[in-house]
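Residue-level structure breakdown
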2 protein chains.
Amino acid sequence: MINAEIMGHGVVGSGVAEILINHSDRIAEKVKDEIFVKYILDLRDFDNLSYSDKFIKDFNLILNDDSVKIVAEVMGGVNPAYDFVKSCLLAGKSVVTSNKELVAAKGAELLKIANDKNVNFLFEASVGGGIPILRPMSQCLAANKINSVTGILNGTTNYILNKMIVDNMAFEDALKLAQEKGFAEKDPTADIEGHDACRKVCILASLAFGRHVYPNQVKTEGITSITATDVEFADGFNCVIKLIGRTEMLESGKITATVRPTLVSRDNIISAVNGVFNTVMVSGDQTGDVLFYGKGAGKEATASAVVADMIDCAKHLNARKYLFWEDGDDDYVVEANEPTRLYIYAKSENYENLLENALALFGDKASYIKNKFKGEVAILTDTELESDLLEKANKLGADAIKIMHTLF
Amino acid sequence: MINAEIMGHGVVGSGVAEILINHSDRIAEKVKDEIFVKYILDLRDFDNLSYSDKFIKDFNLILNDDSVKIVAEVMGGVNPAYDFVKSCLLAGKSVVTSNKELVAAKGAELLKIANDKNVNFLFEASVGGGIPILRPMSQCLAANKINSVTGILNGTTNYILNKMIVDNMAFEDALKLAQEKGFAEKDPTADIEGHDACRKVCILASLAFGRHVYPNQVKTEGITSITATDVEFADGFNCVIKLIGRTEMLESGKITATVRPTLVSRDNIISAVNGVFNTVMVSGDQTGDVLFYGKGAGKEATASAVVADMIDCAKHLNARKYLFWEDGDDDYVVEANEPTRLYIYAKSENYENLLENALALFGDKASYIKNKFKGEVAILTDTELESDLLEKANKLGADAIKIMHTLF
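Structural notes, computed from the coordinates. These numbers come from a predicted model, not from an experiment.

**Some remarks on the pattern of salt bridges**
Going through the model one piece at a time under the given rule, you end up with 45 salt bridges over all chains. One salt bridge in this structure joins R211 of chain B and D329 of chain B, with 2.7 Å as the shortest N-O distance. A residue pair is termed long-range when its members are at least 10 positions apart, and R211 of chain B in the loop between α10 (195-209) and β8 (219-220) and D329 of chain B in the loop between α12 (299-315) and β13 (339-340) qualify at 118 residues. Exposure remark for R211 of chain B: the relative accessible area of 27% places this residue in the partly exposed category. Overlapping salt bridges bring together E124, R135, D309 and D312 of chain A as one network.

Take a look at the structure:
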């Protein structure tokens, strides 16, 4: 029997408890031993559960109980999760977490402690909920050099954008619907401003390229400024707008890391990822593009990923070591200036002048959609150096301008 | 230093050799030890390679060399691969293979020997080439009960069908183009008749549900009878035709296993998997649908999956044990009779009678596409018990009839 403990009994935590307790037979069969939930740490009271006797409020009970070998941290937030996780690792306990904020902020440090103590620190559930991504990325792609990782990492924003695309809804209406359906929180800031996707990009970039990327190093833009007009113009270019998180290794050995609304070509399978689904595409030098897809959130999916990590810990009580990265530094993440195609929306009271400038600047290899009545021109440029394209955009003589990146 | 050996120096084998030899530094860093290619077994001569000195023609040299710990079998075919692999496992060597035919025919037996001898028998490359599927299926979904596995498992047929859909090509022309491009072999039987996909269904079903499924237990149908007319009617129902391999757990504890052309709704992301790409969707009770996608074949992709398995062996010279299934039996795989929707194409010289029968039998909940000029009616039925639908189809009074399953 292996004693385990769950820190936090919210949505994910209760899911973890339910799977471990209700499916203990199935799990014991896979582990060849029983994973026994000894404690559940939560400051709230849960009196009417079949396992109410397991609840404790004092973290030190766990820390000082040497019989507890595996701890699931599903509280969320950096504090006090960071202190708790660090203490558990230092005490020689393996820790499993779904807490992307914690891993994005403190991953390198916690991985180092786990390594030194020869225990596991696993966090498959922190990216893509129930979709297996981190483990296949690190293990199965072991023979690959990874060039880039690109994904739709937030289900809430993907749901909202999808409603804007398919049902022509305005952003505010789509957000309201997402809140009614329980896909968006009352305070949706972390989702719609891209912060949640940013944390996942940190984890993916750290794992893919071996050095920690911190949230403030990821250039992050949310979806609040996307309009029905943008969606319509994108459609005209055979594209859909998605909130894309991406990290890429440059020739210089530095990397880029971004979260931003992006025009995705309908010829790219990422464009077909709809609703609350998430996806991650890993581009390796040997395998080419490999894509993982599934529900990126939800109680059962996330909890099952946490439990799978706990099973892995139980089968290998000493460090698995397949997840590891070094600390990062300030100038490791840079902004790229590479050949690319951009979407440029421009509006002017002097429409004829705007159109003339656009054609002169971007030539006949770019695509154009015009709305003379509204004084609008949308441009899908040819491939040119990004700085050159931005310079040209400045010369359009537009009263209003909006620029988005593209993915083909 | 860990000595390894490669059996076979064809497309995949030469790729494995190149990765191991050219990227030995990168691999040594991951393994924390060197994987050294000591022998390459092939009956042909390869005189002008930088590693020509490694070639041998006598299998016993490998078998009797106790210093060889890891063997990559990339010869293909059941014989003599089966004897060689079995002998290596019995001699205490770990074996990695990309040989789907071997695993589909002999997997349970070889896994049992590996288990008894406490060595590894890994075959990630046998399904989906470079796409990590088997490892994430078994490890990350450990906390799930798998309900079904559905996929596009053959790139050649997917390329051909895609050409028929996008470019309105006839089957024969699309096959010829695939052969010219190197996506189909001179003798394309194994691909277009579904045999290749059938072997992969065997492996997926065996792993998902824990008992061996043999190729003759999989109801297999190829794509040779698909016509441009079918493609057009499917399009009218907002579907595309794909060669779908599928296995499902029934309530009885028995399973289904099929390979057949299937109408896939454009609302299902599987419909967006085009060209030579493969995909596998795993449906679990906790995670819902999780999908893996990538190039299913190709020298580099397949070889990199073989090398990744070799790296795993090198890191864990004792049995990893995450891949395992028991032997199967004759009545374990059955044909299901469940509620479903079918595509029924019917043609008659007495068109009016055919149409009248169709409407009377399938009612207004079915969808119809009619071609009076050609005497054709295509029906997308409502959901009914499969046997009832087939009985009704028999009553249509058609001169010619074609029935396909659907995936929504």
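**Focus on the relation of the copies chain B and chain A**
The two copies are related by a screw operation: chain B maps onto chain A through 180° of rotation and 0.0 Å of translation along the axis, at an RMSD of 0.0 Å. In short, the pair behaves as if placed about a two-fold rotation axis. The C-alpha atom lying nearest the rotation axis in chain B is that of F292 of chain B; the distance is 2.4 Å. Here 100% of the contact residues of chain B are again contact residues in chain A; the copies associate through an equivalent surface.

**What about the nonpolar core?**
Core analysis: the largest hydrophobic core is formed by 261 residues, its most contacted members being F121 and M137 of chain A together with F121 and M137 of chain B. If near-sequence neighbours (up to four positions away) are discounted, F121 of chain B is found in contact with V85, L89, V95, T97, V103, L110, L111, A114 and L323 of chain B. Of all hydrophobic cores here, the second largest spans 16 residues; its members include I344, Y351, L355 and F362 of chain A.

**Topic: a nonpolar patch on the surface**
A grouping of L390, I401 and I403 of chain B is seen on the molecular surface, where their side chains present a nonpolar patch of about 210 Å² in accessible area. Locating I403 of chain B in the fold gives a position in strand β18 (residues 400-407).

**Brief notes about the interface of chain B and chain A**
At the interface, 40 residues of chain B touch 40 residues of chain A. A combined buried area of about 3,400 Å² lies between chain B and chain A, and 60% of that area is made up of carbon and sulfur atoms. The tally of links from chain B across to chain A stands at 2 salt bridges. Here D285 of chain A and R26 of chain B are joined by a salt bridge, their closest N and O atoms 3.2 Å apart. At the surface where chain B touches chain A, the tally comes to 8 residue pairs in polar contact (both at pLDDT 80 or more). Counting residues per element, the ones that place at least two in the side of chain B that touches chain A are α2 (24-31), α6 (134-139), β11 (277-284), β12 (288-295) and α12 of chain B. Sort the elements by how many residues they give to the side of chain B that touches chain A and β12 of chain B lands first, with 7 residues.

**Thoughts on helix α7 (residues 155-166) of chain B**
All names here are of chain B. The terminal C-alpha atoms of α7 lie 16 Å apart, and with 12 residues this matches the ideal 16 Å at 1.5 Å per residue to within 8%. Buried within α7 we find G155, T156, T157, N158, Y159, I160, L161, N162, M164 and I165. Where α7 begins, the side chain of N154 points an oxygen toward the backbone nitrogen of T156, at a separation of 3.2 Å.

**Things to note about the side chain of D196 of chain A**
Residues and elements named next belong to chain A. You can see D196 is positioned in helix α10 (residues 195-209). Only 2.8 Å separates the side chain of D196 from the side chain of K200, close enough to count as a polar contact. Each residue touching D196, except ones within four places of it in the same chain, is listed here: K100, L153, N154, A190 and D191.

**Structural notes on the sheet that holds strand β4 (residues 68-73) of chain A**
Residues and elements named next belong to chain A. With respect to topology, 6 strands assemble into an open sheet ordered β3-β2-β1-β4-β5-β6, the strand pairing being parallel. Sheet topology places β3 (55-56) and β6 (121-122) at the edges, where each strand pairs with a single neighbour. Here strand β1 (residues 2-7) runs beside β4; their pairing, made up of 5 bridges, is parallel. Bridged to I6 within β4 is A72.

**Considering the pairing of β12 of chain B**
Taking burial as the measure, the 8 residues of β12 of chain B include 6 buried ones, the bulk of the element. Relative to β12 of chain B, strand β12 (residues 288-295) of chain A runs antiparallel, the two sharing 5 bridges. Note on β12 of chain B: the bridge partner recorded for Y293 of chain A is L291 of chain B. Note: β11 of chain B against β12 of chain B, 8 bridges, orientation antiparallel. Pairing of V280 of chain B across the sheet is with F292 of chain B, part of β12 of chain B. Between β11 of chain B and β12 of chain B, which pair antiparallel one after the other, the connecting turn spans 3 residues.

**A short note on the packing of aromatic side chains**
For the structure shown, the criterion picks out 19 aromatic pairs over all chains. When the ring of F46 of chain A is compared with that of F55 of chain A, the centres are 4.9 Å apart and the planes differ by 25°; the resulting orientation is stacked. A ring pair is formed by F123 of chain B and W325 of chain B, whose centres lie 5.7 Å apart and whose planes are at 70°; its orientation type is edge-to-face. Here W325 of chain B lies in the loop between α12 and β13 and F123 of chain B lies in the loop between β6 (121-122) and α6, a separation of 202 residues in the sequence. Through pairs of rings, three or more aromatic residues link up here, namely F46, Y51 and F55 of chain A. Above the ring of F408 of chain A, the side-chain terminus of R341 of chain A is found at 4.4 Å from the ring centroid. Between K106 of chain B and the ring centre of Y82 of chain B, over which it is positioned, the NZ or CZ distance is 4.6 Å.

What counts and how
Residues numbered from 1 in each chain as written. Chains lettered and ligands numbered in written order. Predicted model: local features only at pLDDT ≥ 70, side-chain atom pairs only at ≥ 80, totals over all residues. Heavy atoms only, no water. Salt bridge = Lys/Arg side-chain N within 4 Å of Asp/Glu carboxyl O. Helix = DSSP H or I, 4+ residues; strand = E, 2+ residues; numbered from the N terminus. Buried < 20%, exposed > 50% of the residue type's maximum accessible area, 1.4 Å probe, protein only. Least-squares fit on C-alpha atoms with pLDDT ≥ 70 in both. Contact = heavy atoms within 4.5 Å. Core = buried A, V, L, I, M, F, W, Y, C linked by side-chain atoms within 4.5 Å. Patch = residues over 30% accessible without salt bridge, like charges linked within 9 Å, V, L, I, M, F, W, Y side chains within 5 Å. Areas by Shrake-Rupley, 256 points an atom, 1.4 Å probe, with all protein chains shown as cover. Buried area = accessible area lost by both parts, 1.4 Å probe. Polar contact = N/O pair within 3.5 Å; in protein donor to acceptor, adjacent residues only side chain to side chain. Expected span 1.5 Å × (residues − 1). Pairing = 2+ DSSP bridges. Phe/Tyr/Trp six-rings, centres within 6.5 Å; stacked < 30°, edge-to-face > 60°. Lys NZ or Arg CZ within 6 Å of the ring centre and 35° of its normal.

Purely spatial values, then, with no claim about function.
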